[in-house]
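Single-letter residue listing:
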Amino acid sequence: MSGENDRMATTRLDQTLVVDTALRLLNDVGLEGLTLRRIAKELNVQAPALYWHFKNKQALLDAMSTAMYRRMFEAYGDLGDVTWQERLVHVHRALRQALLGYRDGAKVFSGSRFTGTDHAGPQEDHLRTFVTAGFTPSAAARASFIAHSFTLGFVIEEQSVEPRPGERTPGYDVTEREERMAAEGYPLAAAVSSDLFQDYEARFEEGLRAIVAGIEATLAPAASR
């Protein structure tokens, strides 16, 4: 047995090791290729051994999402005394960057349920900033949900075109699309190709500004508009 196999054979299998391995493999194989069998092979164990820790793939995805979220908040730490607009923008910029750190990161995160209550502390701080500014807790939650949903949807679309930095999915050549649409008599569709399928950083920032403006107009207390 190789030295690597010896190391894996003597390493105690636990949830943290499985999650770390799964997140690392995600960049190689994507969500569709990430199976418990593939993770077990990487860990040099039999697949049934993983079921002691995760009853199915969704349970593993929940734990992966929790780890991604925890790492995101550890990376940027305490924001201190900021306005609700600043916090909302900062948190969702950080979320986008965290999701972009993994192939199919947004798909893994979307629809998953956090394990434990580690996320409650950051969520409490986030909501408190809004409530301090005069939002009701309900309005604060809805404002956060709007920004969260925008970010997840945006990154899912972004990663469908650019799965990882420097990669581009075949079929999303902007110049080819412009030429094809123009040739078939769709000048407006041709003209917006670059807006739809590149410059994602600028498009995301533009979207965040629109979200903040919309919340200011509809959910924010009248005194802060």
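Source: prediction; values computed, not measured.

1. Comments concerning the pattern of salt bridges
Here comes step 1: Taken as a whole and judged by the stated rule, the model has 13 salt bridges.
Here comes step 2: Between Glu42 and Arg38 there is a salt bridge, with its nearest N and O atoms 3.4 Å apart. Remark: Arg38 and Glu42 occur in helix H3 (residues 36-43); sequence separation between them is four residues, near one turn of the helix.
Here comes step 3: Taking the shortest distance from any N to any O, the salt bridge between Glu206 and Arg203 comes out at 3.4 Å. Of this pair, Glu206 and Arg203 both sit in helix H12 (residues 200-218), separated by three residues, roughly a single helical turn.

2. Some points on the layout of surface pockets
Here comes step 1: Considered as a void within the structure, the largest pocket measures approximately 480 Å³ in volume.
Here comes step 2: In terms of lining residues, the largest pocket is bounded by 21 residues, among which Tyr69, Phe114, Gln123, Ser144 and His148 are the most central.
Here comes step 3: Counting only elements with at least two residues in the lining of the largest pocket, the list comes to helix H4 (57-76), helix H5 (84-100), helix H7 (120-132) and helix H8 (137-161).
Here comes step 4: Of the residues forming the lining of the largest pocket, the biggest block, five residues, is contributed by H8.
Here comes step 5: Counted by class, the lining of the largest pocket contains 12 nonpolar, nine polar and no charged residues.

3. Some thoughts on the UniProt feature "DNA-binding region" (unreviewed entry) in the protein
Here comes step 1: Within this structure's numbering, the places UniProt gives as "DNA-binding region" (unreviewed entry) are residues 35-54.
Here comes step 2: The distance separating the terminal C-alpha atoms of residues 35-54 is 12 Å; by composition the span is 40% helix and 0% strand.

4. Brief notes about the packing of H7 against H8
Here comes step 1: Close contact between H7 and H8 brings their axes to 9 Å; oriented N to C, the two are set at 120°. Looking at the two axes, H7 sits oblique to H8. Where H7 crosses over H8, the handedness of that crossing is right-handed. For the pair H7 and H8, the contacting residues are His126, Leu127, Phe130 and Val131 in the first and Pro137, Ala140, Ala141, Ala143 and Ser144 in the second.
Here comes step 2: Here the contact of H7 with H8 is built from residues that sort into seven nonpolar, two polar and no charged.

5. Considering the packing of aromatic side chains
Here comes step 1: For the coordinates displayed, the defined rule picks out 12 aromatic pairs.
Here comes step 2: Between Tyr69 and Phe73 the ring centres are 4.7 Å apart and the planes differ by 55°, which places this aromatic pair in the tilted class. Here the residue Tyr69 and the residue Phe73 both occupy positions in helix H4, the gap between them amounting to four residues, near one helical turn.
Here comes step 3: A residue is classified by how much of its surface remains accessible, and Tyr69, at 16% relative accessible area, is buried.
Here comes step 4: Between Trp84 and Phe135, the aromatic rings sit 5.2 Å apart at their centres with planes inclined by 75°, giving edge-to-face as the arrangement.

6. With respect to the nonpolar core
Here comes step 1: Judged by nonpolar contacts, the single largest core of 40 residues is most densely connected at Ile39, Leu60 and Met64.
Here comes step 2: Those elements that provide at least two residues to this core are helix H2 (15-33), H3, H4, H5, helix H6 (105-109) and H8.
Here comes step 3: Broken down by element, this core gets its largest block of residues, 11 residues, from H4.
Here comes step 4: The residues contacting Ile39, other than those within four sequence positions of it, are Val18, Thr21, Ala22, Leu25, Leu34, Leu50 and Leu60.

Rules used in this analysis
Residues numbered from 1 in each chain as written. Predicted model: local features only at pLDDT ≥ 70, side-chain atom pairs only at ≥ 80, totals over all residues. Heavy atoms only, no water. Salt bridge = Lys/Arg side-chain N within 4 Å of Asp/Glu carboxyl O. Helix = DSSP H or I, 4+ residues; strand = E, 2+ residues; numbered from the N terminus. 1 Å grid on protein atoms, 1.4 Å probe; cavity = no way out; pocket = protein on both sides within 12 Å on 5 of 7 lines; lining within 4 Å. Points joined across faces, edges and corners; volume = space filled by probe spheres on them. Nonpolar A, V, L, I, M, F, W, Y, C, P; charged D, E, K, R; others polar. UniProt positions renumbered as here; feature names shortened; annotations may be inferred. Axes fitted to C-alpha atoms, helices over the stretch in contact; angles between N-to-C directions. Parallel < 35°, antiparallel > 145°, perpendicular 65-115°, else oblique. Left-handed = near helix turned anticlockwise from the far one by under 90°. Contact = heavy atoms within 4.5 Å. Phe/Tyr/Trp six-rings, centres within 6.5 Å; stacked < 30°, edge-to-face > 60°. Buried < 20%, exposed > 50% of the residue type's maximum accessible area, 1.4 Å probe, protein only. Core = buried A, V, L, I, M, F, W, Y, C linked by side-chain atoms within 4.5 Å.

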